[in-house]
Amino acid sequence: MNVYERLLKYVVIRTPSNEESDTTPSSQCQFDLANVLKKEMKDLGICNVILTDSCFLYGKIPATPGYENAPAIGFIAHMDTAPDFSGTNVNPRIIENYDGNDIVLNDAMVTKVEDFPELKALKGKTLLVSDGTTLLGADDKAGIVSIMEALVYLKNHPEIKHGRIAIGFTPDEEIGNGAKYFDIEKFDADFAYTMDGGTVREISDETFNAASATVTFNGFSIHPGSAKNKMVNAGSIACSYQQLLPEYARPEHTEGRDGFIHLCGMQGSTTHAELNYIIRDHDRNKLEEMKGWMLKAVDFVNAMHGEGTCSIEIKDAYHNMKEVLDEHPDAVKYAFQAYDELSITPLHEPVRGGTDGAELSLRGLPCPNLGVGGGNFHGPYEYCCIEELQQAVTVILTIVQDVAKGE
C-alpha cells in the first residue's frame with residue numbers, strides 16, 4: 001500500500017464530528033476509522049496500542065537498542081472531519097499530471113485557479129479531489145497517512161536508528177476537543193508534531209491567542225401601536241452594539257498578524273437577543289485590548305438604555321503556542337533541520353487560527369504543526385497533493401533519525 005492507496009482507504013470512511021454533541025467522541029462513526037488504525041498498528045507490531053472509550057488511539061515504538069536516552073518524540077493527527085460540509089459518501093478522484101487549470105468537480109462545481117491561485121504551484125503533480133458533493137477528508141486523514149506510512153517504513157528498515165516514538169490519533173479536533181482530553185502522560189513524549197494542514201512546506205509554531213464572547217441584551221416588549229417611550233427592543237440594541245466595535249477589526253478587513261473580533265452568530269427578538277463572537281490576536285496584550293473594547297461597548301449600552309440591558313461573558317479558548325515553543329526550541333529546530341536536509345523551502349508564518357498543538361503545548365507537550373500537502377479544507381474544493389504527502393512521510397523519517405543522532 002502506498003500513500004495514495006492509503007489515503008483512498010481512509011477518506012471513504014465517514015468520520016465527521018458533531019458540534020451539537022456533548023459526548024466524547026462527538027460521533028460514534030469516528031470509531032470506524034479508529035478500529036481500522038488500531039488493527040493496522042497492531043499488524044505493524046506497534047507496542048502498547050490502546051483505543052480508549054473516548055476514541056483516543058495511542059501506540060509506541062521502543063527505542064533502538066543503544067538509543068534509549070534519545071528524546072522521545074511523538075506524531076499526532078486527528079480522525080474527524082469538519083462538520084461544516086458533508087463527509088458522507090466521499091467519492092475521491094485522482095488527477096495525474098495536473099495541468100494547472102481549473103478543475104471540474106461536477107456539472108455544477110469547478111475549482112477555479114483564480115479563486116485558489118496556490119494551485120498554480122501544483123502543475124504537473126498528482127492531486128486527489130472529491131466529486132464536489134462532499135469534502136475530501138484530507139484534513140486530517142492525510143496527516144494520518146503520513147504517520148502510518150512512516151511507521152511502515154520504519155518496520156521495513158530496522159537499520160534506521162531512533163529513540164522512542166509515540167503515536168496519537170485523536171477525535172473531535174474540528175470542534176475543539178481533540179487536545180482537551182488528550183492524555184499527555186499516557187502519550188509520554190518530550191515533544192511532538194501535529195501532522196495537519198496545508199503545503200508540506202508549512203511549519204507552524206505560532207497561533208492566535210483566542211477567546212469567545214457572548215453578549216446578551218434584555219428588552220421590554222409591548223404592542224408596537226402603543227410602544228412610544230416604553231418599548232426597549234433588544235434586537236435593535238444588539239445591532240447598535242455591533243456598530244460600536246471598530247469595523248477595521250472585522251476578519252474581512254484583516255490579514256497577516258492582524259487580530260479580529262468576529263460576529264459569528266446572532267439570534268434575538270424584542271425581549272431578548274444574543275450576539276456570539278470569537279476574538280483573535282497573536283499578541284496577548286492586543287487580545288486583551290479588544291476584550292476591553294467590548295466591555296466599554298457594554299457600559300455604553302447600559303448607560304444609554306439602563307443598567308442590566310446588556311451583559312457580556314468572555315472565555316479564553318487557547319493561547320499562542322509560541323510562548324511555550326520559544327522556551328523549548330528543539331521541536332522547531334529539528335523540523336527546520338529536516339526541511340534543510342530535504343531541500344524543502346519552509347513556509348514559516350503565524351497561523352491565523354489554532355491547532356491541537358497550541359493547547360498541547362500549553363499543557364506541557366511542546367508541539368508545532370507540520371503541513372502534509374492538503375488545501376481548501378472544510379468544503380467541496382478540498383484537495384491533497386500526493387507528492388507533497390509523500391514528502392511529509394520523509395520529513396517524519398528525517399526528524400526521527402536526526403533526533404536519535406542528537407544533531
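Criteria and cut-off values
- Residues numbered from 1 in each chain as written.
- Predicted model: local features only at pLDDT ≥ 70, side-chain atom pairs only at ≥ 80, totals over all residues.
- Heavy atoms only, no water.
- Salt bridge = Lys/Arg side-chain N within 4 Å of Asp/Glu carboxyl O.
- Helix = DSSP H or I, 4+ residues; strand = E, 2+ residues; numbered from the N terminus.
- Buried < 20%, exposed > 50% of the residue type's maximum accessible area, 1.4 Å probe, protein only.
- Contact = heavy atoms within 4.5 Å.
- Pairing = 2+ DSSP bridges.
- Axes fitted to C-alpha atoms, helices over the stretch in contact; angles between N-to-C directions.
- Core = buried A, V, L, I, M, F, W, Y, C linked by side-chain atoms within 4.5 Å.
- Parallel < 35°, antiparallel > 145°, perpendicular 65-115°, else oblique.
- Left-handed = near helix turned anticlockwise from the far one by under 90°.
- Nonpolar A, V, L, I, M, F, W, Y, C, P; charged D, E, K, R; others polar.
- Phe/Tyr/Trp six-rings, centres within 6.5 Å; stacked < 30°, edge-to-face > 60°.

J.: Hey, could you run me through the pattern of salt bridges in this one?
T.: Charged atoms that come close allow side chains of opposite charge to pair. If you walk through the whole model with that rule in mind, you get 14 salt bridges. Here Asp 43 ties to Lys 39 by a salt bridge, and the two come within 2.9 Å at their closest N and O atoms. Note that Asp 43 and Lys 39 are positioned in helix 2 (residues 30-43) at a spacing of four residues, about one turn of the helix. Since its relative accessible area comes to 53%, Lys 39 is described here as exposed. Close ionic contact of Asp 326 with Lys 322 constitutes a salt bridge, the shortest N to O distance being 3.2 Å. Overall, the relative accessible area of 51% leaves Asp 326 in the exposed class. What you see here is one network of salt bridges that share partners, running through Arg 6, Lys 9, Glu 40 and Glu 149.

J.: Would you mind going over the environment of Phe 377 with me for this structure?
T.: Inspection of the secondary structure puts Phe 377 in the loop between strand 16 (374-375) and strand 17 (383-385). Sequence-distant contacts of Phe 377, that is, excluding residues within four places in its chain, are made with Ala 138, Asp 139, Gly 197, Gly 198 and Glu 382.

J.: Sorry, what's going on with the sheet that holds strand 17 here?
T.: Backbone-to-backbone hydrogen bonds pair the strands of a sheet. The strands run either parallel or antiparallel. Spatially, four strands are ordered 4-7-17-16 in an open sheet, and the strand pairing comes out antiparallel. Unpaired on one side and paired on the other, strand 4 (93-95) and strand 16 mark the two borders of the sheet. Strand direction decides the pairing type here: strand 16 and strand 17, joined by two bridges, are antiparallel. If you follow Gly 375 over to strand 17, its bridge partner there is Tyr 383. The strands that helix 10 (residues 386-405) touches are strand 4, strand 7 (127-129) and strand 17; relative to strand 17, the one it contacts most, it runs at about 60 degrees.

J.: Looking at this model, I keep getting lost on the nonpolar core. Mind explaining?
T.: Counting 62 residues, the largest nonpolar core has Phe 75, Phe 169, Tyr 193 and Ile 399 as the members making the most contacts within it. Membership of the second largest hydrophobic core comes to 21 residues, among which are Val 215, Leu 245, Ile 279 and Ala 297.

J.: I tried to follow the packing of helix 1 (residues 3-11) against helix 3 (residues 138-156) on my own but got confused; where do I start?
T.: Angle between the axes and distance between the axes are the two parameters that describe a pair of packed helices. Contact pair helix 1 / helix 3: the axes reach a minimum separation of 9 Å and the direction vectors enclose 135 degrees. Between helix 1 and helix 3, the crossing angle belongs to the class labelled oblique. The handedness of the crossing between helix 1 and helix 3 comes out as right-handed. Between helix 1 and helix 3, the residues in contact are Val 3, Arg 6, Leu 7, Tyr 10 and Val 11 and Ala 138, Lys 141, Ala 142, Ile 144, Val 145, Met 148, Glu 149 and Val 152, respectively. Of the residues belonging to the contact of helix 1 with helix 3, the class tally is 10 nonpolar, no polar and three charged.

J.: Any chance you could explain the packing of aromatic side chains here in plain terms?
T.: The description of two aromatic rings rests on the distance between their centres and on the angle between their planes. One pass over the structure, following the stated rule, counts 12 aromatic pairs. With a centroid separation of 5.7 Å and 20 degrees between ring planes, the pair formed by Phe 75 and Tyr 193 is classed as stacked. Remark: Tyr 193 occurs in strand 9 (residues 191-195) and Phe 75 occurs in strand 3 (residues 73-78); sequence separation between them is 118 residues. The exposure class assigned to Tyr 193 is buried, which follows from its relative accessible area of 0%. With a centroid separation of 5.5 Å and an interplanar angle of 90 degrees, the aromatic rings of Phe 208 and Phe 260 are classed as edge-to-face. Here Phe 208 is found in the loop between strand 10 (203-204) and strand 11 (209-218), whereas its partner Phe 260 is found in strand 12 (residues 260-268), with 52 residues between them in sequence.

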